[in-house]
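# Close look at the chain arrangement
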Amino acid sequence: AYVAKKMRNVLKDSSLVKEEKLIEKLTQARNAHEAKFHSKLQEGDFVSAIVSAKNWAMEEPFSSRPFTELAYVNAVLDDYAAAKDNIMQVYKIDGELSLSLELNLIFCDICMKDHDPKFFDSLIRRLTEIIKSGAIDAYHACANAGLVLFRAGEIEIAHKYYKESI
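Scoring rules and cut-offs
- Residues numbered from 1 in each chain as written.
- Predicted model: local features only at pLDDT ≥ 70, side-chain atom pairs only at ≥ 80, totals over all residues.
- Heavy atoms only, no water.
- Axes fitted to C-alpha atoms, helices over the stretch in contact; angles between N-to-C directions.
- Helix = DSSP H or I, 4+ residues; strand = E, 2+ residues; numbered from the N terminus.
- Parallel < 35°, antiparallel > 145°, perpendicular 65-115°, else oblique.
- Left-handed = near helix turned anticlockwise from the far one by under 90°.
- Contact = heavy atoms within 4.5 Å.
- Core = buried A, V, L, I, M, F, W, Y, C linked by side-chain atoms within 4.5 Å.
- Buried < 20%, exposed > 50% of the residue type's maximum accessible area, 1.4 Å probe, protein only.
- Polar contact = N/O pair within 3.5 Å; in protein donor to acceptor, adjacent residues only side chain to side chain.
- Salt bridge = Lys/Arg side-chain N within 4 Å of Asp/Glu carboxyl O.

### Comments concerning the packing of helix α2 (residues 46–59) against helix α3 (residues 65–76)
- It is the contact of α2 with α3, at a shortest axis distance of 9 Å, that shows an interaxial angle of 160°. Compared by their axis directions, α2 and α3 come out roughly antiparallel. Judged by the twist between their axes, the crossing of α2 over α3 is left-handed. Residue-level inspection shows Phe 46, Ile 50, Ala 53, Lys 54, Trp 56 and Ala 57 of α2 in contact with α3, the latter providing Arg 65, Pro 66, Phe 67, Glu 69, Leu 70, Val 73, Asn 74 and Val 76.

### So, the nonpolar core
- Among the nonpolar cores identified, the biggest contains 14 residues, and Phe 37, Phe 67, Leu 70 and Ile 87 are the most heavily contacted of them.
- Those elements giving two or more residues to this core turn out to be α2, α3, α4 (80–94) and α5 (99–112).
- No other element matches α2, which puts five residues into this core.
- If we ignore the near neighbours within four places in the chain, the residues touching Phe 67 are Ala 57, Asn 86, Gln 89, Val 90 and Ile 93.
- The next biggest cluster of nonpolar side chains, apart from the first, holds eleven residues, and it includes Ile 110, Leu 127, Ile 130 and Ala 145.

### Structural notes on unusual backbone geometry
- Its identity is not glycine, yet Asp 78 carries a phi of approximately 60°, on the positive side.
- Positionally, Asp 78 belongs in the loop between α3 and α4.

### What about the side chain of His 140?
- Its location among the elements puts His 140 in helix α7 (residues 138–151).
- Residue classification places His 140 among the buried positions, given a relative accessible area of 14%.
- Side chain to side chain, His 140 and Asn 104 meet in a polar contact 3.4 Å long.
- Contacts of His 140, omitting those with residues within four sequence positions, involve Ser 100, Leu 103 and Asn 104.

### A short note on the pattern of salt bridges
- A full pass over the atoms with the stated rule returns five salt bridges.
- Of the charged contacts in the structure, one is a salt bridge between Glu 43 and Lys 40, with a shortest N-O distance of 3.4 Å. In this pair, Glu 43 and Lys 40 both sit in helix α1 (residues 2–43), three residues apart, roughly one turn of the helix.
- Its salt-bridge partner being Arg 126, residue Glu 129 comes within 2.7 Å of it at the nearest N-O pair. With Glu 129 and Arg 126 both in helix α6 (residues 117–133), this residue pair falls three residues apart, about one helical turn.
- Given a relative accessible area of 28%, Arg 126 falls into the partly exposed group.
- Residues participating in the shared-partner salt-bridge network are Glu 102, Arg 126 and Glu 129.

### Focus: the environment of Leu 77
- Within the secondary structure layout, Leu 77 lies in the loop between α3 and α4.
- Residues Leu 77 and Val 47 lie 30 residues apart in sequence; the distance between their C-alpha atoms is 9.9 Å.
- Excluding residues that lie within four positions of it along the chain, Leu 77 makes contacts with Phe 46 and Ile 50.

Have a look at this one:
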């Protein structure tokens, strides 16, 4: 009985070691896609960064972080439709958007739409709310307001908002 108990403990310990090694390898693989994304982004290789972020998203389908990163890269590359899709994926996963992502979504909307006074007025109202709140992202709201006003032909006022955002 003593020997059988010892053997069970050895087998149990052996399975634990294998399980821990498997978990370690999976963690390294997951972190590899995230690390590769950041590395490629720093190198300015946006295409490879996007591929890495998509792989990262496939490995972590319940994490919004890869989609947040993809939205950023898409916006930098002027692919506003893809950026919006990724921001909406974040919303789908998290059930809410950070203020920064809401402002990125607004930026995409501004860039994708022709001048529409009603739509732009609604954006200005929301951006003004954010600016007045003193939120940490108020500078981003100022830049977006400057863009809306510029697109609406209000160049001097737009310039003031841009200067405020800096």
